Structure formats: C-alpha cells, structure tokens
Amino acid sequence: MAERIRYKNIDEIPDVALSTGTTRVLKTGSWRNVKPVIENKAAPCLKACPLGTKIPHYFYWIIEKDLEKAADVLLERNPFPAITGRVCPAFCQIGCNRKRFDERISIRELERYVGDYIIKRGYKIKELPSDTGKRIAVIGSGPAGMAVAYFLRRYGHSVTIFERESKPGGVLRYGIPSYRLPKDILDKEFEMLLNMGIKIETNKELGKDVYLDELRQKFDAVFIGIGAWVEKRMRMEGEENLLSGVHFLKDVNEGKETSKFKGKKVAVIGAGNVAMDVVRTLKRIGAEPCILYRRTEKEMPALEEEREKAKADGIPFHFLTLPIKAENRNGKILLTNQKMKLGEPDKSGRRRPIPIEGSEFQEEYDFVIKAIGEEADRKILPEEYLGEDGWPYADKKTGATKVEGVFAGGDFIQGPSTVVEAEAWAQRAARSIDRFLKGEDINVKEIPPRTVSFMLIRTEYFDKAPAIHPQELSVEERIKSFEEEVKTFSEEMALKEAKRCFSCGYCNSCGNCYVYCPDMSILWKDGKPVVDYDFCKGCGVCASECPRGIIQMVSEI
Amino acid sequence: MAFEWEELLQEEVLDPGILSCQGCGSTIAIRQVLKALGKNTIITVPACCWTIIDGPFPYHSLKIPFFHTAFETAAAAATGIRAGLNTRGYKDTNVLAWAGDGGTFDIGLQALSGVAESNEDILYICYDNEAYMNTGIQRSGATPYKAWTTTTPYESPNKRPKKNIVEIMRAHKIPYIATATVAFPLDLYKKVKKAKELKGTRFIHVLAPCPPGWRMDSELTIKVSRLAVDTKLFPLYEVEDGEKLTINYYPKEIPIEEYFKLQGRFRHLEEEDIKEIQEMINTYFEKLLEEHKRTHGTIDNIKRGVYK
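Not measured: the values here are computed from a predicted model.

Rules used in this analysis
- Residues numbered from 1 in each chain as written.
- Chains lettered and ligands numbered in written order.
- Predicted model: local features only at pLDDT ≥ 70, side-chain atom pairs only at ≥ 80, totals over all residues.
- Heavy atoms only, no water.
- Helix = DSSP H or I, 4+ residues; strand = E, 2+ residues; numbered from the N terminus.
- Buried < 20%, exposed > 50% of the residue type's maximum accessible area, 1.4 Å probe, protein only.
- Areas by Shrake-Rupley, 256 points an atom, 1.4 Å probe, with all protein chains shown as cover.
- Lys, Arg positive; Asp, Glu negative; His and termini not counted.
- Charge placed at Lys NZ, Arg CZ, Asp CG, Glu CD.
- Phe/Tyr/Trp six-rings, centres within 6.5 Å; stacked < 30°, edge-to-face > 60°.
- Salt bridge = Lys/Arg side-chain N within 4 Å of Asp/Glu carboxyl O.
- Pairing = 2+ DSSP bridges.
- Axes fitted to C-alpha atoms, helices over the stretch in contact; angles between N-to-C directions.
- Contact = heavy atoms within 4.5 Å.
- Core = buried A, V, L, I, M, F, W, Y, C linked by side-chain atoms within 4.5 Å.
- Patch = residues over 30% accessible without salt bridge, like charges linked within 9 Å, V, L, I, M, F, W, Y side chains within 5 Å.
- Polar contact = N/O pair within 3.5 Å; in protein donor to acceptor, adjacent residues only side chain to side chain.
- Domains from an automatic or database assignment.
- Buried area = accessible area lost by both parts, 1.4 Å probe.
- Arc of directions from axis to C-beta.

**Looking at the overall build of chain B**
Here comes step 1: Helix and strand content of chain B: ten helices and nine strands.
Here comes step 2: Each principal axis of the C-alpha distribution contributes one length, and for chain B these read about 60 × 45 × 45 Å.
Here comes step 3: In chain B, which comprises 308 residues, the proportion classed as buried is 61%.
Here comes step 4: On chain B, roughly 11,600 Å² of surface is accessible, and the fraction owed to carbon and sulfur atoms is 52%.
Here comes step 5: The average position of the 38 basic charges and that of the 40 acidic charges among the side chains of chain B differ by 3 Å.

**With respect to the packing of aromatic side chains**
Residue and element names in this part refer to chain B.
Here comes step 1: Within the structure shown, the criterion is met by 27 aromatic pairs over all chains.
Here comes step 2: Summarising the aromatic geometry, the rings of Y124 and F203 are spaced 5.7 Å apart at their centres and angled 20° between planes, so their arrangement reads as stacked. Residue Y124 is located in strand β5 (residues 123-128), and its partner F203 is located in strand β7 (residues 202-207); the two are separated by 79 residues in the primary sequence. The same class applies to Y124 as to F203, namely buried.
Here comes step 3: Between Y259 and F266, the aromatic rings sit 6.2 Å apart at their centres with planes inclined by 45°, giving tilted as the arrangement.

**Focus: the pattern of salt bridges**
All names here are of chain A.
Here comes step 1: A full pass over the atoms with the stated rule returns 73 salt bridges over all chains.
Here comes step 2: A salt bridge links K311 to E297; the nearest nitrogen and oxygen atoms lie 2.8 Å apart. Here K311, found in helix α13 (residues 304-312), pairs with E297, found in the loop between β10 (288-292) and α13; they are 14 residues apart in sequence, far enough to count as distant.
Here comes step 3: Three or more residues joined by partner-sharing salt bridges are found here, namely R180, D277, R280, R284, E306, K309, D313, R478 and E485.

**A look at the sheet that holds strand β5 (residues 199-201) of chain A**
Residues and elements named next belong to chain A.
Here comes step 1: Here five strands make up an open sheet; going across it, the order is β5-β4-β3-β6-β18 and the pairing parallel. In this open sheet, the two strands that pair with only one neighbour each are β5 and β18 (406-408). Sheet twist, expressed as the mean angle between neighbouring strand axes with direction ignored, is 20°.
Here comes step 2: The pairing of strand β6 (residues 221-224) with β18 spans three bridges and is parallel. Its bridge partner being in β18, I224 is matched across the sheet by A408.
Here comes step 3: The sheet strands contacting helix α7 (residues 143-154) are β3 (135-139), β4 (158-162) and β6, and the helix crosses β4 at an angle near 165°.

**Describing the nonpolar core**
Here comes step 1: Counting 190 residues, the largest nonpolar core has A:Y58, A:I62, A:V114, B:W50, B:W98 and B:I204 as its most contacted members.
Here comes step 2: In this structure B:W98 touches B:S26, B:A29, B:I30, B:V33, B:I43, B:T44, B:V45, B:P46, B:C48, B:W50, B:I125 and B:Y127, once residues within four positions along its chain are discounted.

**A short note on a nonpolar patch on the surface**
Here comes step 1: A surface patch of nonpolar side chains, amounting to about 290 Å² of accessible area, comprises A:I10, A:I13 and B:F57.
Here comes step 2: As for its position among the elements, B:F57 is in the loop between α2 (49-53) and β2 (59-60).
Here comes step 3: In this structure B:F57 comes out as partly exposed when scored by relative accessible area, which is 38%.

**Describing the pairing of strand β1 (residues 41-45) of chain B**
All names here are of chain B.
Here comes step 1: Summarising burial for β1: five of the five residues are buried, a large majority.
Here comes step 2: Relative to strand β4 (residues 94-100), β1 runs parallel, the two sharing four bridges. When the bridges of β4 are listed, T44 appears paired with A97.
Here comes step 3: Looking at chain direction, β1 and strand β3 (residues 66-68) are connected through three bridges and run parallel. Paired with I43 across the strands is F66, a residue of β3.

**Some details on unusual backbone geometry**
Here comes step 1: Residue B:P58 is bonded to the preceding B:F57 through a cis peptide linkage, with omega at 5°.
Here comes step 2: Examined against the element boundaries, B:P58 turns out to sit in the loop between α2 and β2.
Here comes step 3: Of note in this structure, A:A90 is not a glycine but carries a positive phi near 55°.
Here comes step 4: In this fold, A:A90 is placed in the loop between α4 (81-87) and α5 (91-94).
Here comes step 5: We classify A:A90 as buried; its relative accessible area is 3%.
Here comes step 6: Of note in the backbone geometry, B:E130 takes a positive phi value of approximately 70° without being a glycine.
Here comes step 7: Locating B:E130 in the fold gives a position in the loop between β5 and α6 (165-170).
Here comes step 8: On the basis of relative accessibility, which here comes to 5%, the residue B:E130 falls in the buried class.

**Looking at the side chain of B:E130**
Here comes step 1: A distance of 2.6 Å separates the side chain of B:E130 from the side chain of B:K162, its partner in a polar contact.
Here comes step 2: Those residues in contact with B:E130 that sit more than four places away from it in its chain are B:D101, B:S140, B:A142, B:T143, B:P144, B:K162, B:L207, B:W214, B:Y259 and B:R265.

**Structural notes on the domain arrangement of chain A**
All names here are of chain A.
Here comes step 1: With domains assigned, chain A is organised as domain 1 (23-40 + 508-555), domain 2 (44-125 + 458-500), domain 3 (135-228 + 376-437) and domain 4 (237-371).
Here comes step 2: Using C-alpha coordinates to define each centre, domain 2 is positioned 27 Å away from domain 3.
Here comes step 3: Summed over both sides, the interface of domain 2 with domain 3 buries roughly 2,400 Å², with 73% coming from carbon and sulfur.
Here comes step 4: Counting the contacts that link domain 2 with domain 3 gives zero salt bridges.
Here comes step 5: For the pair domain 2 and domain 3, the number of links is six residue pairs in polar contact (both at pLDDT 80 or more).
Here comes step 6: Of all the secondary-structure elements, those providing two or more residues to the side of domain 2 that touches domain 3 are α3 (67-77), α4 and α6 (107-121).
Here comes step 7: Broken down by element, the side of domain 2 that touches domain 3 gets its largest block of residues, six residues, from α4.

**Quick notes on the environment of A:F535**
Here comes step 1: Mapped onto the secondary structure, A:F535 falls in the loop between β20 (528-531) and α19 (541-545).
Here comes step 2: For A:F535, a relative accessible area of 3% corresponds to the buried category.
Here comes step 3: When the C-alpha positions of A:F535 and A:T28 are compared, they lie 4.7 Å apart, and in sequence the two are 507 residues distant.
Here comes step 4: Each residue touching A:F535, except ones within four places of it in the same chain, is listed here: A:T23, A:R24, A:L26, A:K27, A:T28, A:G29, A:D519, A:S521, B:P16 and B:G17.

**Some details on the interface of chain B and chain A**
Here comes step 1: Facing the 45 residues of chain B at the interface are 48 residues of chain A.
Here comes step 2: Summing the contributions of chain B and of chain A, the shared interface buries around 3,900 Å²; its carbon and sulfur component is 59%.
Here comes step 3: The interface formed by chain B and chain A contains three salt bridges.
Here comes step 4: Its salt-bridge partner being B:D15, residue A:R24 comes within 3.2 Å of it at the nearest N-O pair.
Here comes step 5: For the pair chain B and chain A, the number of links is 30 residue pairs in polar contact (both at pLDDT 80 or more).
Here comes step 6: Looking at the side of chain B that touches chain A, the element that brings in the most residues is helix α1 (residues 25-37) of chain B, giving five residues.
Here comes step 7: Pairing of strand β1 (residues 21-22) of chain A with β2(B), which is carried by two bridges, proceeds in the parallel orientation. Across the sheet, the residue bridging to A:T22 is B:H60, located in β2(B).

**Brief notes about a negative patch on the surface**
Here comes step 1: On the surface, B:E257, B:E270, B:E271 and B:E272 cluster together into a patch of negative charge.
Here comes step 2: One can find B:E257 in helix α9 (residues 256-261).

**With respect to α13(A)**
Residues and elements named next belong to chain A.
Here comes step 1: Here α13 has its buried residues at E306, R307, K309 and A310. Here the buried residues of α13 occupy an arc of 165° about the axis, which is enough to place them on one side.
Here comes step 2: Each element contacted by the buried residues of α13 is listed here: α12 (273-284), β11 (317-318) and α16 (475-478).
Here comes step 3: Of the residues trailing α13, G314 is marked for its positive phi of about 85°.

**A word on helix α17 (residues 491-500) of chain A**
Here comes step 1: For α17(A), the complete set of buried residues consists of A:M493, A:A494, A:L495, A:E497, A:A498 and A:R500.
Here comes step 2: For α17(A), the secondary structure elements touched by its buried residues are α2 (55-63) and α6 of chain A.

**Some details on the environment of B:Y237**
All names here are of chain B.
Here comes step 1: Mapped onto the elements, Y237 comes out in strand β8 (residues 237-240).
Here comes step 2: Classification of Y237 by relative accessible area gives buried; the value is 4%.
Here comes step 3: Look past the residues within four positions of Y237 in its chain and what remains in contact with it is V166, I177, A178, T179, K191, L245, T246, I247, N248, Y284 and L288.

Following this line, the structure appears as structure tokens:
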C-alpha cells in the first residue's frame, strides 16, 4: 500500500527535486460533491412487458452465444417463451428506444428464438427450492393456470391442475389456430412444464367433477383460471341461427370435420382478434369468409398485425354494417343488415355507430359466425365470489378473491385479453399465494423501476442498421394450409438483431466508463465496472458517456 | 457486445491521485498514450498542466521516469535523453516529450523546430487545451479565433486565428504527424502505436478539452471533443513524410454552433462570427479532402459511422 513519505531531517531530502512516492496517498475523492452510481435500470421494453421480462439482459447472452444463460434469464419471468414468442402482441416493441433512431428491435422474434432453443435442449430450471409441503389446486390449464402453476412450482410448492378438456392448454390449444401456434410447440412446452413436477388431472370440470369447497378443504390454496368462453349475446332476432366463433375455433383445433364449410359463403360478425382467427381459419379450410363490422377499420379492436394479415389473405371487410336479423331459409341464413354511420365517441373513445334509417338490406349466407367478444361464466361461482357488478371478482394486484385462500385471474377475471397479460396476472397471484401460505401480508408495495428514456441513449455509439424481419410464408402458400406462417430466426439473424439493441439500462460491459475516466477511478473487475471512490473526483464523464443511461450522478452533500 | 476496447484494457502506467481538474482531457489522453508506449518509456514535460497534475513533491503518478524541463526545452531535453540512451545501448526505450500548447506552439517552438529539422528520434505529443490553463487561462498561440481567455476578455476576444501547428510541422518533412483527440481513444492509441514503430521525429497533436478553461461542465469533456471532430473543426488525419495525407474519419458535418454552444468561452459570438468561422472551417476541410484525394485517388475510403 502507498505510504506517505516523511523526511526526518534535511539530509534525507534529495539534492534535486526527486519524487519517489506515489500519488496514491492523495485521496482526491475528497474533492467530490457528486458521485457516480452504477446501477441497472429499466428499459422501456422491460417496463412495457406485463411480465417484466429482462429483455436487454437475455439479449446480452444471445450476443455472447450463451443461450443457456439467455434461457435462464427469460424463464425467470416467462414460463413459456416459445408460445409468447409467437402469439404475444409484443407491448415491449411499442416503446423501443431504437424506434427513434432507426427501427425498433424485433424483440418477440428473439424471444421465440430462445424459446425454441429451450424446447430443443429440454427444459431445465436451474434449481427448484426444496418442497415446502404446501399443496395448491389450480383450476384451468390455460395461460393463467399454467403460469401460476409454474411460478408456484418455482417457489417450491406442489401443484395439481384440474382441466375440463382432455388436453391441457385452454385457449392456447382450443382458441389459437395452429398457423400461429403449432400444436407440437404447445405440446412440447407443456410437457416440459409438467416435467417440473406439476400434476394435472384432465376431464375434470369445475362444478361437475370437482367442487370448490372440496378443493378448499383438500388443498392449502386454490387458483381459478378458467378463462372466458361464453360468447356475448348480440340481442338480435334469430341469434340462435348463428354459430359461435370460439366454438368454431375449438372444433377446428380439435381436428373435427370441417368439410361442411368448404366452398361456402360465411359471414363473420365482429372485428376483434377472435374474428380475425375465425376468418383466416375459414379461408384455410376452403370457405369464402367475410367480415361484417358495425364501425370502421380505425375502430377495429383486432391487433394491427392480425388485421393486416387478414386483409392480405384476401378477406373482404364490410364496415359500418350491423346484422339485425337472421332467418333460417332451408339451411341457409338470410341476414338483414343495417348500414351505420359514426357519431360521437363513446366510453371506449371510439366513435359510436348510429343506424341509418331505411338502409336495411338482405344477404344470404351458408353460415354466419358471431365473434363479438367473450365473457366469463358468471354462474359458475357462488355469490360470495362476485363483485359489486355481479362478475367474479379478484384483486388486480394480488389476485385474491373475497374468500380467503382462493385466488383467481386471467381472462376469467379481466375479460378476454392477451396470453401475456394472463401470465402476468398469474405471476402476481403466485407471489400472493406464496406469501399467503407463509402467513405474510399479500399486499406488496412495488417501487416502479427508473426507466431509461431515449434522451439518455448516446446514439453516437451506434451505427444505423435496418431491423431484421423473420421469414414468412407468402400469402399464396399460407392460405392453403395450417403450416406456421412465420419462421424462427436463424442464429445469424438473431445475433444481428440482438446486436442492434441499445441495451437500455442494462450494463453490457461496453467499457466506455473505464476508457474515458480521467482519474483511473473506474476499475474493471471481473468484466464489470467498479467505481474507486478514493480517487473519483465526480467529474461525471462516465455518466455522460454511458451509452445506455446506467451511471447516475448522485449528490453527496 | 461485451467489452469494446480490448486494446485499452491494460495495466495503467499511471497511478490515481493525480491533481488534474475534474474532467481533464489531458489525463484521458496520457492514459491511452502510455498504454500504447508501455512502461519502457521516458517522458519529458516542460512547464504545463502536467507538471502539477503528476503530483506534488515527493509524490508522482507516472510509473515511468519523468523529467520536468524548462518551458522551452521539452523537445531538446528529450533529444538529449535519446542520445544518452543510444550511447548506453537502450535502443528500445521510447522517449516521449509531452507538452502543452504553450510549450509547443509558443515557447517551445524553437526547440521543437530544431529537433524536427534534424529529425531527431523522439515522439513529441502536444496536448492542446488552447490556452495557458495552468497559470490562469491566458491566451496562447493555440487559442481559437474569437475565443475568450483572461487576457482576451469578452470585450476584445482573440483576434488572430489559431496557429496551424500541423502545417508548421509538415514543413519540416518529418516522418509522421497525426491529430487525435480524447473522444476517439482507439484512434489515439493506434496512432501512438504506429508512431512508436517509426524512427525520426514524430509529432501528434492531441486536442484535450479543459472544462475550467473552456468554461464548461466537467462531464462534457468527451462530448465536446467528439463535437470538435464532427463539426470538422478538428479533423482526424495523419501526414506521412510531410506529404501523404490521410483523413481517418469523415465528420458528421454538424454545424459549428453546436460545439460553441457548450462552451462559455464562445458565448459572446454573434451570428456573423459563427458564419465566418464556419466558412474558415469548411475551407480548411475542403483543402484536407483535396490532399487526401491526391494521396489516395479517392475520398470514398474515409471511414464513416461509429469511429472510436
């Protein structure tokens, strides 16, 4: 260690000014009144992801070609990345900082790349904690139920799932068509989940084969995630002549006979994601579908991506058209439609459709399918589970119902929503259940992480590069079969795309702070920067030159 | 991505505890320079910031022999050391003269010119902070046109353009001349490496921002240094044998105003001043481009995009 030099008498002082000691004795850190703090922050993508997936973190491992580590990071927050990597609306991509530089990162495609790797190598959770001895019953094996089981298993609890159908998956299996999510991916992903020690009992329907009271007695906690499968009513004359969109999808997904639709004229009422799935599925089984929607394209609730694909598939959209009557004419359906115009915006912010008097017209179809939205089965639970509005109630933050030890979530509570939102609900509910079983308060106060805005990105350290897009089947190819439309990234594509990421808020050890420090006060230890506060004068160069907003100057007075 | 500066991840040739001001550009520069030269180096430093920065007696920061010289003699002293080393057979030892702009452009110019004229085997690096910063920001020959210093106050800013030291050195036809700045550490490192392999007088002009003297916040050192290059004010180039000129990086051609905006020493500039300076900058850069073209036959080989 450096020591101060103390001359005892004049003879010890050299004849010429000769410095022999090191300046390490001068702790210049005392000049400082602000200090740099190196701390990872939240990227906009991470913050937008309902699951809080550590996106830049696992990208780092993709770039390092260490997919094992990438998989670990991804699985920490997301139970089935191969599925969300295919069907997620990718909220993460919306706020990507890179969008303001050139193009956003294809985050979902990279998630899918790692997800497929996990399937290929087999599922391994680093280490499951030892069994806590607590048992939880999960009703429903859709995204919410499966995710809650996964997270609870990671907490060390044992889980038994009760599923109404003969196979697990819920909406993933019976709702989403296989050109978007192939069944073998689903099977493999679920097989791995079940290999974690999650038990499942199929053909067990709530209220018929299993009862809530019985489960509450047998298990330490219960989670209900049975989805929203009841088609909303349109309140039109002859509604019983219409088919249900979700049931149609379920039949197709179960592999039931579809030849009756071949070459037939089919109208689909509604313009949500289910409606898009229905028309695109109809097209693939050889029908001639069209969309009837009472508002215009701008108000469509379907995701833009789905809408554009349906349009590209060549499906006609009839806007401002509301069916008001359906009559059965010798097996065909005569639909009476009314033309609409748009009025003032309603509660949802979309302009309200107003009927135009005397604009009714009739059209004959072979089948009419309604896909105007689904809702939970509100009769399935007794009164004490219902909220003031008469619907099953669970707290948004904790997933707890009004009954102790019973939790619920997913579409069953929040209404038709996305896979990732159901998973996120499950993530919160699993934490609450874990805390409940430990006897802790289930209400956790969360401090939202600091986000790295585009202002904090030092774009001078990045070259512009166009986004990489996945390979897709052409429209001509895809409308002929149920083959998956979008392909997974190759390694080369994944590397290129991951390297485009700014890695906002996640230190990827670029080394700028180390190289630019004027005081040798950023030390490089085990591949990470560490501030040497003995000598740091607090100039702020490191904070100013960090390309991704990780270093922050904090006042010391 | 991981670490992007493999070459620069080395043991430091200087200890911390140095007495530079916050955000000092010259210390960032000397780190890279000494990493390129290695520990087998002797350094001579005339009166300049670095006589202070290196530490108070009896302490010093550099882990190599360090000679303080009189203001005008950095180059001459280095030449003497070189001759002594040669005589004793230490042919591998590098001799570096490390001087500020005062000791190079003004007071040390005679010695430097003499050394360059006889092509003595030394590496001379001038870290240019554009005034006598150490003694209280007095104007030097390197102070930019119309800039403020304590001797050229806002009412009467510097009337003469900055002396073009590279052109002066080119006239001596020495083997290697380069410009570099702290925002591009790898560029500086590579230039020193290249100079190290050559014989004769080698000269590198390093623009080293000085937060107190330039009247700016200390965290802006790198930003300003980068802007100096990207506004074409301080292009990065090399000249071999006084003739062959290579521009290393094509600037983003940002208006010079962006550079001036960050610094208090330019805050009095009027629109017409900025226009006049912009034209001076453009003319000089055009000239460099022409010379690059004369050497290489094209300007398409100049690197664009992210440069380090």
